[in-house]
Amino acid sequence: NAGVTQTPKFQVLKTGQSMTLQCAQDMNHEYMSWYRQDPGMGLRLIHYSVGAGITDQGEVPNGYNVSRSTTEDFPLRLLSAAPSQTSVYFCASSLTSGQSYNEQFFGPGTRLTVL
Amino acid sequence: QQPVQSPQAVILREGEDAVINCSSSKALYSVHWYRQKHGEAPVFLMILLKGGEQKGHDKISASFNEKKQQSSLYLTASQLSYSGTYFCGTTSPRSSNTGKLIFGQGTTLQVKP
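Owing to the predicted nature of the structure, the values given are computational and were not obtained by experimental measurement.

Caption draft 1: The overall build of chain A, seen in detail. Check the secondary structure of chain A and you find zero helices and eleven strands. Secondary structure elements of chain A, listed N to C terminal, follow the sequence β-β-β-β-β-β-β-β-β-β-β. Relative to the compact-globule value of 13 Å for 115 residues, chain A shows a C-alpha radius of gyration of 13 Å, a close match. Seen through its principal axes, chain A has C-alpha atoms that stretch 40 × 30 × 25 Å. Per-residue burial over chain A gives 49% buried out of 115 residues. In chain A, the proportion of contacts linking residues at least 24 apart, taken out of those at least 6 apart, comes to 55%. With the model as given, the accessible surface of chain A reaches about 5,100 Å², and the carbon-plus-sulfur share is 51%. Averaging the coordinates of the 7 positive side-chain charges in chain A and doing the same for the 8 negative ones gives two points 14 Å apart.

And the structure:
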């Protein structure tokens, strides 16, 4: 198993550009989520999904869109990038959405810089 | 709302003990602990579900006081490999059926020889 994979690893954007951060898992996990990590702020939840076709907002959803058309993939879209979105983005997944006792597996992260 | 971790940072010598606290203003259903090495992804340590539950993982253990809405992570006889940033993540009773996990701001632990 590859686990949770994220692409790209690094990305530089100009203000106003759009892009999609890719996340995929091959563990048949129902629950997937996106976090951003900024110094001193910890990991903040952007969006999450409890299964294919179901998504919901986290703590900091503004400026980001998600969709979940398959169990395996959970892409994160930045429609119009802003410097405030400069961050490290982590995708995570866990086995079932109805249980709070499942560990989350994190991808290696995407480091995004918006100029 | 994010849980609050304390202290923000701690420096230890090898063999010393440390405690990291995690508290929430809201009712908690579960508490998760993760460790992140510099430049890497967070890695799971343990989950605590019930009030008063304690768990151990080698020389790292944790407790969860449901009534006080607090959890503590205990690192005993610290090793150089314990260095990193520790995060607590919490779920609430309202989100217990989704697994929605909210993390604290992290505690940076540095163990020196």
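Alright, that's what it looks like, and here's the rest.
Caption draft 2: Geometry of the interface of chain B and chain A. On the side of chain A, 25 residues touch chain B, which itself brings 25 residues to the contact. The junction of chain B with chain A conceals about 1,900 Å² of combined surface from both sides, 58% of it contributed by carbon and sulfur atoms. Of all residues in chain B, the largest losses of buried area upon contact with chain A belong to Thr98(B), Lys100(B) and Phe103(B), amounting jointly to 24% of the total for that side. One can count zero salt bridges joining chain B with chain A. Put simply, chain B and chain A have four residue pairs in polar contact (both at pLDDT 80 or more) between them. For the side of chain B that touches chain A, the secondary structure elements donating two or more residues are strand E4 (30–36), strand E5 (43–48), strand E9 (84–91) and strand E10 (102–103) of chain B. For the side of chain B that touches chain A, the element with the highest residue contribution is E4(B), accounting for four residues. Looking at the side of chain B that touches chain A, its residues break down into eleven nonpolar, twelve polar and two charged.

Caption draft 3: Representation of the sheet that holds strand E1 (residues 4–7) of chain A within the structure. All names here are of chain A. Ordered by their spatial adjacency, four strands build an open sheet running E1-E3-E8-E7, and the pairing between neighbours is antiparallel. Only two strands of the sheet have a single partner each, and these edge strands are E1 and strand E7 (64–66). The average undirected angle you get between the axes of adjacent strands in this sheet is 20°. Pairing between E1 and strand E3 (residues 19–25): four bridges, direction antiparallel. Following the sheet pairing, Thr5 is matched in E3 by Ala24.

How each quantity is defined
- The residue numbering used here restarts from 1 in each chain and proceeds along that chain's sequence as written.
- Chains and ligands are labelled by the order in which they are written, letters from A for the one and numbers from 1 for the other.
- At least 70 in pLDDT is required for a residue's local features to be given in this predicted model, at least 80 for side-chain atom pairs to be given and counted, and no such filter applies to totals for whole chains, interfaces and linings, which use all residues.
- By convention in this description, side-chain values take in all heavy atoms of the structure and omit both hydrogens and water.
- Secondary structure is summarised from DSSP: a helix means a run of H or I of at least four residues, a strand means a run of E of at least two, and numbering begins at the N terminus for each.
- C-alpha atoms define the radius of gyration in this analysis, and the globule rule sets the expected value at 2.2 Å times the number of residues to the power 0.38.
- Burial classification: accessible surface area is computed with a 1.4 Å probe over protein chains only, and a residue below 20% of its type maximum counts as buried, one above 50% as exposed, and the rest as partly exposed.
- Whether two residues are in contact is decided by their heavy atoms, any of which lying within 4.5 Å being enough.
- Per-residue and other accessible areas follow the Shrake-Rupley method at a 1.4 Å probe size, with only the shown protein chains counted as cover for residues.
- Counting rule applied: Lys, Arg positive; Asp, Glu negative; His and chain ends not counted.
- Where a charge lies is defined by one atom per residue type: Lys uses NZ, Arg uses CZ, Asp uses CG and Glu uses CD.
- By convention, the term buried area covers the 1.4 Å-probe accessible surface removed from two parts as they join, with the contributions of both added.
- Salt bridges are counted wherever a side-chain nitrogen of Lys or Arg sits within 4 Å of a carboxyl oxygen of Asp or Glu.
- Whenever two N or O atoms come within 3.5 Å, that pair is a polar contact, provided that in protein one can donate a hydrogen and the other can accept it, and provided that, for residues adjacent in sequence, both atoms are side-chain atoms.
- For this classification, the nonpolar set comprises Ala, Val, Leu, Ile, Met, Phe, Trp, Tyr, Cys and Pro, the charged set comprises Asp, Glu, Lys and Arg, and every other residue, Gly included, is treated as polar.
- Paired strands are those between which DSSP finds at least two bridges.
- Under this scheme, a helix contributes an axis fitted over its contacting stretch, all axes are lines through C-alpha atoms, and angles between N-to-C directions fall in the 0 to 180 degree range.

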